[in-house]
Every structure is written in structure tokens, then in C-alpha cells.
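Tertiary structure, described
Each chain is listed here by its residues.
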Amino acid sequence: MKVLIVTNQIESITRILNFMTLNINNKISILIANNVKAAKKIISENNIQLVICEANIFNSNFYKEILNCFAIVLINSNYAYKEIPSKHLYYVSLDSLNNLQRIIYKYISSYSILENTKADILNELIQLGFNVKHNGTQYIAECILLIKFYSKTKNIKDLYSIIAEKYNTTISNIKSNILNSINYMYFESDFSKLKTYFSLAEDIKPTPKQIILTILENV
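Residues numbered from 1 in each chain as written. Predicted model: local features only at pLDDT ≥ 70, side-chain atom pairs only at ≥ 80, totals over all residues. Heavy atoms only, no water.

Brief notes about the nonpolar core
Filter applied, for reference: Only buried residues count toward a nonpolar core. Its members are Ala, Val, Leu, Ile, Met, Phe, Trp, Tyr and Cys residues joined through side-chain atoms within 4.5 Å. Burial classification: accessible surface area is computed with a 1.4 Å probe over protein chains only, and a residue below 20% of its type maximum counts as buried, one above 50% as exposed, and the rest as partly exposed. Per the convention used, a helix needs a DSSP run of H or I reaching at least four residues, while a strand needs a run of E reaching at least two, with both numbered from the N terminus. Residues are treated as being in contact if the distance between any of their heavy atoms lies within 4.5 Å.
With 33 residues, the main nonpolar core has Leu125, Phe130, Ile140 and Ile211 as its most contacted residues. Those elements that place two or more of their residues in this core are helix H4 (98-128), helix H5 (135-150), helix H6 (156-166), helix H7 (171-188), helix H8 (191-198) and helix H9 (208-218). No other element matches H5, which puts 9 residues into this core. Contacts of Ile211, omitting those with residues within four sequence positions, involve Leu125, Phe130, Ile140, Ile182, Met185, Phe198 and Pro206.

See below:
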């Protein structure tokens, strides 16, 4: 499990690291950023599951841009962000870090669920004829995970936008890669199987939205 600490306070880093060393037995990789820009870069390059962020650095836009993260723990915050789902946001005082242990253990378990779900999605894609080495196949899997765990939107453009932000690329690049992976799957697969799986009326390629929502129902 990878945890990112976002703070510009030496005392916060010291106290959090000491607490985690003494109280968390599970293997956890800890990365540190001293501002939002550095945090975004680390998140784009690593599979972060939990963000612990100093309140004076955090804002709701930062949350929206790192939606790939499972949860955020705010340190020393007196402000409740009502626009952010409570299940993704926690508040902890630096003077009382005991709740941090409970939160981390919760997300160690949640991370296992997330990884198992991703494995199930990729297996489903393989069975349909997708190549998991293609970027587009991985992007499809991420779209499904976004809907299942993080976002209520089923708008394809919104999903592409979130993934493009994560990988520091364009929406058109995400779309192009996904369409290429679907083309590969379509020409490698037996259409009768696709027709049944996606409830197709004729010999046509399923759309990205059909693929994402159908697999979502099956995992």
C-alpha cells in the first residue's frame, strides 16, 4: 500500500512518520510532497491509495484532480468540505493520531478489494479478446473502476477527462487508445460471443460505453 503525505511542516512529517512506524504493522510505502504541484506529480507516477494532507495546503479542486486516490485524511482542519463525499474524506488532529491507525487499516482492506476487482475486470476483458498490454485496455479497466468506486458519472467524456488528468495526457489520446483496443478485440473475437455478451442486434462493434457499463454489471 502506498501513502502520500502532503505537508510543508517538518513537525507534521516527523509526528506522522513516528506514529506510523510505532503503530502500523503492515508494509506501507510512504511518499512525501511539500505542495500540491509535487503531490500531483507523485500521484500521476504512483499507485497511491491514501493521501494524508495538511489542511492549509488542501482545497476541493485538489480533491477533484486526484479522484484516482481512495481517500484523503486532512490534518488539523477546522473546515468541513460538504461538496466532498464523507466516505472519501477524514479529519484527524496532529495531537491525536489514533484515528489514523483505524483509517489506514480500513484502506489496506479496501485496497485489496480494489486490486481484486481490477483483476476481475482485466480477466473479463481478456476473455472478450482484449489485449491487456494495450493502453486502451487499461484505460477501459480504469473507467470501470472509477464508476464502481469513485464517481457517480457515467458520462464517457467525464471519465476520459479524469483519466487524462491522471496520466497527464489528452482526452483525445485516451479515446483513441480505447477505440484501438476495441478494434483489436473486435477482429480477434468470435462475433457470436460478443453478440450474446453485449446484446448486439447485428454485426457491429460495441461502443466504449456499452463495454464499460456491461462489464461493470458483471464484476
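Anyway, onward from the coordinates.
Notes on the packing of aromatic side chains
Definition in use: Pairing of aromatic rings covers Phe, Tyr and the six-membered ring of Trp, with a centre-to-centre limit of 6.5 Å; geometry is then stacked below 30 degrees between planes, edge-to-face above 60, and tilted otherwise.
Inspection of every chain in the model, using the stated rule, returns 4 aromatic pairs. With a centroid separation of 5.4 Å and an interplanar angle of 75 degrees, the aromatic rings of Tyr186 and Phe187 are classed as edge-to-face. Residue Tyr186 is classed as buried on the basis of its relative accessible area, which comes to 16%. On the accessibility criterion, Phe187 (64% relative accessible area) is exposed. Taking 4.8 Å as the distance between ring centres and 70 degrees as the angle between the ring planes, the aromatic pair formed by Tyr197 and Phe198 counts as edge-to-face. Of the residues examined, Phe198 reaches a relative accessible area of 5% and is grouped as buried.

Things to note about the environment of Asn34
Applied cut-off: Any N or O atom pair separated by 3.5 Å or less is treated as a polar contact, with the protein-specific requirement of one donor-capable and one acceptor-capable atom, and with residues adjacent in sequence counted only for side-chain atom pairs.
In this structure, Asn34 sits in the loop between strand S2 (29-33) and helix H2 (36-45). The exposure class of Asn34 is partly exposed, given its relative accessible area of 47%. Asn34 sits 63 residues away from Leu97 along the chain, and the two C-alpha atoms are 20 Å apart. Aside from chain neighbours lying at most four places away, what touches Asn34 is Thr7, Asn8 and Ile57. In this structure the side chain of Asn34 is engaged in a polar contact, spanning 3.0 Å, whose partner is the side chain of Asn35.

Looking at unusual backbone geometry
Residue Asn76 is not a glycine yet carries a positive backbone phi of 60 degrees. Within the element layout of this structure, Asn76 appears in the loop between strand S4 (71-75) and strand S5 (89-92). We note that Ser199 has phi near 55 degrees; this positive angle belongs to a residue other than glycine. We classify Ser199 as exposed; its relative accessible area is 65%.

Things to note about the side chain of Ser181
Along the chain, Ser181 falls in helix H7. Not counting residues within four places of it along the chain, the set of residues in contact with Ser181 comprises Phe130, His134, Gly136, Thr137 and Ile140.

Structural notes on the pattern of salt bridges
Stated formally: Note on definitions: salt bridges are taken to be side-chain nitrogens of Lys or Arg within 4 Å of carboxyl oxygens of Asp or Glu.
Per the stated rule, a full pass over the model turns up 3 salt bridges. In this structure, Lys41 engages Glu45 in a salt bridge whose closest nitrogen and oxygen atoms are separated by 2.7 Å. One end of the pair, Lys41, and the other, Glu45, are both in helix H2, 4 residues apart, so they sit about a helical turn from each other. Residues Lys41 and Glu45 agree in their burial class; the two are exposed. Among the charged side chains, a network of salt bridges with common partners joins Glu11, Arg15 and Asp95.

Focus on the sheet that holds S5
Applicable threshold: The criterion for strand pairing is that DSSP finds at least two bridges linking the strands in question. Axis geometry follows a simple rule: fit a line to the C-alpha atoms, using only the stretch in contact for helices, then measure angles between N-to-C directions, giving values from 0 to 180 degrees.
Read from one edge to the other, the open sheet built from 5 strands follows the order S2-S1-S3-S4-S5, with strand pairing classed as parallel. Edge positions in the open sheet fall to S2 and S5, since each of these has one partner strand only. Pairs of neighbouring strands in the sheet enclose a mean axial angle of 20 degrees, with direction left out of account. Where strand S1 (residues 2-6) lies against S2, 5 bridges are found, and the strand directions are parallel. Looking across to S2, one finds that Lys2 is bridged to Ser29. Along the sheet, H2 makes contact with S1, S2 and strand S3 (50-54), crossing S2 at roughly 145 degrees.

A closer look at H2
How we decide: The arc in question is traced by the directions running from the helix axis to the C-beta atoms.
Those residues of H2 that sit buried are Val36, Ala39, Ile42 and Ile43. Taken around the axis of H2, the buried residues stretch over an arc of 120 degrees, which confines them to a single face. For H2, the exposed residues lying more than 90 degrees away from the buried face are Lys37, Lys41 and Glu45. Along its buried surface, H2 packs onto S1, S2, S3 and helix H3 (60-65). The N-cap of H2, judged by a side-chain oxygen 3.2 Å from the amide nitrogen of Lys37 a few residues on, is Asn35.

None of the figures reported here should be taken as evidence of function without further support.
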